[in-house]
Amino acid sequence: MFSKLTSILQHAVEALAPSLPLQEDFVYHWKAITHYYIETSDDKAPVTDTNIPSHLEQMLDILLQEENERESGETGPCMEYLLHHKILETLYTLGKADCPPGMKQQVLAFYTKLLGRIQQPLLPHINVHRPVQKLIRLCGEVLATPTENEEIQFLCIVCAKLKEDPYLVNFFLESKLKAMASKGSASVITEDMLKGQDSLTTDTGQAVQPEEMPSAAGAEHMEKEDDLLQQADDLSFSMDELNVTSSPESSTVRPNQDYNLVNSLLNLTKSPDGRIAVKACEGLMLLVSLPEPAAAKCLTQSTCLCELLTDRLATLYKALPQSLDPLDIETVEAINWGLDSYSHKEDASAFPGKRALISFLSWFDYCDQLIKEAQKTAAVAMAKAVRERFFIDVMEPQLMQTSEIGILTSTALLHRIVRQVTSDVLLQEIVYFILGEHREPETLADINRHPLRHRLIEHCDHISDEISIMTLRMFEHLLQKPNEHILYNLVLRNLEERNYMEYKPLSQEDKDVVENGQIAGAVDLEEDPLFTDLSPDNTLSTQEWLSASPPVSPEHSRNDGKTEVHKIVNSFLCLVPDEAKSSYHVEGTGYDTYLRDAHRQFRDYCVICLRWEWPGSPRSLEKCNLEASFFEGHFLKVLFERMGRILDQPYDVNLQVTSVLSKLSLFPHPHIHEYLLDPYVNLASGCRSLFSVIVRVVGDLMVRIQRIPDFTPKLLLVRKRLLGLEPEGPIIDHMTLLEGVIVLEEFCKELAAIAFVKYHASSTP
């Protein structure tokens, strides 16, 4: 009470007294602080019971006033006094000792306000960045201390200053020699020893060359400091003179002590106070984005940042329940790191494990954003650490297990991660984790070279339909990611040589036939025994094509080898026989409904693939190794086998299989288009294509239709039920087959639409 009264009286006296020149006023307040330590014997009273906070505030106000009264960038006498008399060094010493109690809080606040409010660059000065570096080391040493809030504010303002001028980060990369010097108990770095260092030596242990300073003015100022620092400092006093005891810097060195700003922030990310932890994460986000290569290297090699990211990911993943509903994993609201506040009581859609799931996805989002913002070499190092220490060590055993519940949960989580990732660098590591790095053509003998890839593709044809659907969905989303290796690894590497084709060099007679408008060896669908019952109503007329498609050439084959598009489209539309079609009985289910979606999706895929520089036409057959045996690859093998069983599989499985195949067909690569969308490709012996697989299914269907009475009415009823046009009623016989036929018809229409859209895009200049 007495000290507060004294403070009030002092303010009154200052208000009534004539105003002193700013420098005298500044010196007065600083000496008032130093006299407290000389005259006061009771060092147990809290700092708030003294005038020290008021004097520090007055000093800051004077510095701000001085800067406002001067031209931009000009250093006034008060600031010169603060720099030359090492006031920040002395305040650091007092803060470290926390004498009187609470002094550390006051010092942190003073540093924060000084760096945040003063406009001129202060950090290049050795008498600023050196004490700032020392104060950084005091932050985060103990969690949940009363000074945590001030510590994080101070660290964040330093990060913000470094973001403004990234070169300054070099002042905060400590030399290993200095850290090693403090290793033995006999060698303690004292304040006096630090004062005796060369005044032009930075914390990196290297001399600052004038041309390395941010500006010429900064260099001149540093040279001026060099002389002044050699003078005696009348306000610098030792810890003994203050009658204050303090532990030495550190008799043991923490591992990775070279980048203490990062280490302090890492410690504070573990704070029990969520707000402090989020601010620490924001500080790290600023630091990883700095373009300085030395800082990036130190960040990943000499700090525990990578370990923090991966260990916390692993811990949060392991905290998840062994079984989670895949629908809950997929539909839980989008997670942004730092905003994962969640109240179980307020959530109407709560489920067991939701809090743990949100925490995991939130931290993964932070890792993703951190890598996305990071300097390139730092980003690569962090992404590799996430792959090795989290995906391989933690997730892979879960994906490779035999428990169906465990497989389903882990695959659903992988699916969510694939959907959520936005960083190209992290995506690359996830892709290598799932698919491996192999790019040479597959053979049946080596499809198990990358065990996880093999296992996941096998899961697309798992005995559990839920696992099959979830794995297929994961691959579907993976294919939509902007990464060239995904499609190349799964499909393209096996189509590179075009050895699915049987190549017969054209004789002169064949060339004459081609010139007359026919393809040598081509069979018109009208002559195919599977299509002898087709009526003219099932195909698009020539007049319809002239109005809906680009001008059609009179030749059956275009110069670039593309079969006329209306032939291809009609090939797919005519695959399913009349008696197995039901869409023309229901309004709004025609082929044209797929055109809009196909156009939009193809445009999106073209944007993704633009930078991959794919060829515009297939590789010349003369340059291909057609003698090599063809294998479509493990992925297409499983998809074709699934497609071949479309009449005997559940409706949901069929929808997912056809969805993946249609996504593959959309890619604008000439070999994919040829292999998946050209019915007229001359397949080599023993090879199959998507069209040939569907033809076999249709052949099987035509035989089975004969054994089902009232097939067409039943088919129409099932379609209307699926569309919600008819209420659910008694179970219909052969339901799986009927649903499969409907999916098959719709898939053929979708492929026809994709073929038309791709042709139209390729023929438009």
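Residues numbered from 1 in each chain as written. Predicted model: local features only at pLDDT ≥ 70, side-chain atom pairs only at ≥ 80, totals over all residues. Heavy atoms only, no water.

Going by the annotation in an unreviewed UniProt entry, the name recorded for the chain is Family with sequence similarity 160 member B1, with Strix occidentalis caurina given as the source organism. As its UniProt record puts it under Sequence similarities (unreviewed entry), the chain is described as follows: "Belongs to the FHIP family." (UniProt positions renumbered as here; feature names shortened; annotations may be inferred.)

Turning our eyes to something else, we now look at the overall build of the chain. Looking only at helices and strands, the chain has 33 helices and 0 strands in total. Among the 765 residues that make up the chain, the fraction classed as buried is 52%. Partitioning the contacts of the chain with sequence separation of at least 6, the portion at a separation of at least 24 is 79%. When the accessible surface of the chain is totalled, it reaches about 35200 Å², and 53% of it is carbon and sulfur. (Helix = DSSP H or I, 4+ residues; strand = E, 2+ residues; numbered from the N terminus. Buried < 20%, exposed > 50% of the residue type's maximum accessible area, 1.4 Å probe, protein only. Contact = heavy atoms within 4.5 Å. Areas by Shrake-Rupley, 256 points an atom, 1.4 Å probe, with all protein chains shown as cover.)

Here we come to the packing of aromatic side chains. Inspection of the entire model under this criterion finds 19 aromatic pairs. Every member of this aromatic cluster is reached through a ring pair, and the members are Tyr317, Phe360, Phe390, Phe391 and Phe433. Positioned above the aromatic ring of Trp363, the side-chain terminus of Arg312 is 4.4 Å from the ring centre. Cation over ring: Arg439 sits above Tyr488, and NZ or CZ is 4.0 Å from the ring centre. (Phe/Tyr/Trp six-rings, centres within 6.5 Å; stacked < 30°, edge-to-face > 60°. Lys NZ or Arg CZ within 6 Å of the ring centre and 35° of its normal.)

By the definition in use, this model includes 30 salt bridges. As a salt-bridge pair, Glu429 and Lys384 come within 3.6 Å of each other at their nearest N and O atoms. With Glu429 in helix H20 (residues 424-435) and Lys384 in helix H18 (residues 376-399), the pair connects residues that are 45 residues apart, well separated along the chain. With a relative accessible area of 5%, Glu429 lands in the buried category. Taken together, the shared-partner salt bridges in this structure form one network comprising Lys384, Arg387, Glu429 and Glu437. (Salt bridge = Lys/Arg side-chain N within 4 Å of Asp/Glu carboxyl O.)

Here the focus is helix H6 (residues 103-117). If you check H6, its first and last C-alpha atoms are 21 Å apart, about what 15 residues at 1.5 Å a residue would give, namely 21 Å. Of all the positions in H6, only Met103, Lys104, Val107, Leu108, Phe110, Tyr111, Thr112, Leu114 and Leu115 are classed as buried. Elements in contact with the buried residues of H6: helix H2 (22-39), helix H3 (52-69), helix H4 (77-84), helix H5 (87-97), helix H7 (126-138) and helix H8 (148-164). (Expected span 1.5 Å × (residues − 1).)

H5 packs onto H2 with a crossing angle of 30° between their chain directions and a minimal axis gap of 13 Å. It follows from the interaxial angle that H2 and H5 lie roughly parallel. Note on packing geometry: the crossing formed by H2 with H5 is left-handed. Residues Phe26, Trp30 and Tyr37 of H2 lie in contact with H5, whose contacting residues are Ile87, Thr90, Leu91 and Leu94. (Axes fitted to C-alpha atoms, helices over the stretch in contact; angles between N-to-C directions. Parallel < 35°, antiparallel > 145°, perpendicular 65-115°, else oblique. Left-handed = near helix turned anticlockwise from the far one by under 90°.)

This part is about the nonpolar core. It is characteristic of soluble globular proteins that their nonpolar side chains tend to be buried jointly. Ranked by size, the top nonpolar core spans 219 residues in total, and within it Leu91, Phe154 and Tyr259 carry the most contacts. It is helix H33 (residues 735-763) that contributes the most residues to this core, 16 residues altogether. Here Phe154 is in contact with Leu108, Tyr111, Thr112, Leu115, Val132, Leu135, Ile136 and Cys139, once residues within four sequence places are set aside. (Core = buried A, V, L, I, M, F, W, Y, C linked by side-chain atoms within 4.5 Å.)

So, about the environment of Leu683. As for its placement among the helices and strands, Leu683 is situated in the loop between helix H30 (670-677) and helix H31 (690-705). Residue contacts for Leu683: discarding those within four places in its chain leaves Tyr500, Met501, Glu502, Arg688, Ser689 and Ser692.

Packed helices, taken two at a time, are described by the angle their axes make and the gap between the axes. Their axes nearest at 10 Å, the elements helix H28 (residues 634-644) and helix H29 (residues 651-666) cross at an angle of 135°. Classified by the angle their axes make, H28 and H29 are oblique. Crossing geometry of H28 relative to H29 is assigned as left-handed. Listed contacts from H29 to Phe635, Leu636, Leu639, Phe640, Arg642 and Met643 of H28 are Val653, Val657, Thr658, Val660, Leu661 and Leu664. Taken together, the residues of the contact of H28 with H29 sort by class into 10 nonpolar, 1 polar and 1 charged. (Nonpolar A, V, L, I, M, F, W, Y, C, P; charged D, E, K, R; others polar.)

Between Cys99 and Pro100 the backbone carries a cis peptide bond, its omega angle lying at -5°. Within the fold, Pro100 resides in the loop between H5 and H6. At Arg498, a position not held by glycine, the phi torsion is positive, near 55°. By the element assignment, Arg498 lies in the loop between helix H23 (484-495) and helix H24 (508-515). Taking relative accessible area as the criterion, Arg498 reaches 7% and is therefore assigned buried. Even without being a glycine, Asp710 presents a positive backbone phi close to 55°. Mapped onto the fold, Asp710 is located in the loop between H31 and helix H32 (711-722).

This paragraph deals with the side chain of Ser468. Within the secondary structure layout, Ser468 lies in helix H22 (residues 465-479). Look at Ser468 and you get buried, because its relative accessible area is 0%. Excluding residues that lie within four positions of it along the chain, Ser468 makes contacts with His459, Cys460, Asp461, His462 and Arg642.

Here the chain averages 82 in pLDDT, and 77% of its residues register 70 or above. This stretch, residues 179-257, has a pLDDT under 50; its non-local contacts, to residues over four places away or in other chains, come to 138 contacts. Of the regions scoring below 50 in pLDDT, residues 513-561 engages in 62 contacts with residues more than four places distant in sequence or in other chains. (pLDDT = per-residue confidence, 0-100.)

Taken together, the side chains of Asp325, Asp465, Glu466 and Asp652 define an acidic patch exposed on the protein surface. If you trace the backbone, Asp465 turns up in helix H22. (Patch = residues over 30% accessible without salt bridge, like charges linked within 9 Å, V, L, I, M, F, W, Y side chains within 5 Å. Lys, Arg positive; Asp, Glu negative; His and termini not counted. Charge placed at Lys NZ, Arg CZ, Asp CG, Glu CD.)

For helix H14 (residues 293-301), the set of buried residues is Ala295, Ala296, Cys298, Leu299 and Thr300. Structurally, H14 contributes buried residues whose contacts are with helix H12 (260-268), helix H13 (274-288), helix H15 (305-318) and H18.

Summed over all chains, the structure comprises 0 disulfides. Cysteine Cys606 shares no disulfide, and the gap to the nearest cysteine sulfur, in Cys609, comes to 6.9 Å. (Disulfide = S-S within 2.5 Å.)

What follows covers the environment of Val565. Structurally, Val565 can be placed in helix H26 (residues 565-573). Taking relative accessible area as the criterion, Val565 reaches 4% and is therefore assigned buried. Expressed as a C-alpha distance, the spacing of Val565 and Lys758, which sit 193 residues apart in the sequence, is 9.5 Å. Each residue touching Val565, except ones within four places of it in the same chain, is listed here: Ala755, Phe756 and Tyr759.

Attention shifts here to the environment of Gln398. For Gln398, the position within the fold is in helix H18. Classification of Gln398 as partly exposed rests on a relative accessible area of 27%. Sequence separation between Gln398 and Thr409 is 11 residues; the distance between their C-alpha atoms is 8.8 Å.

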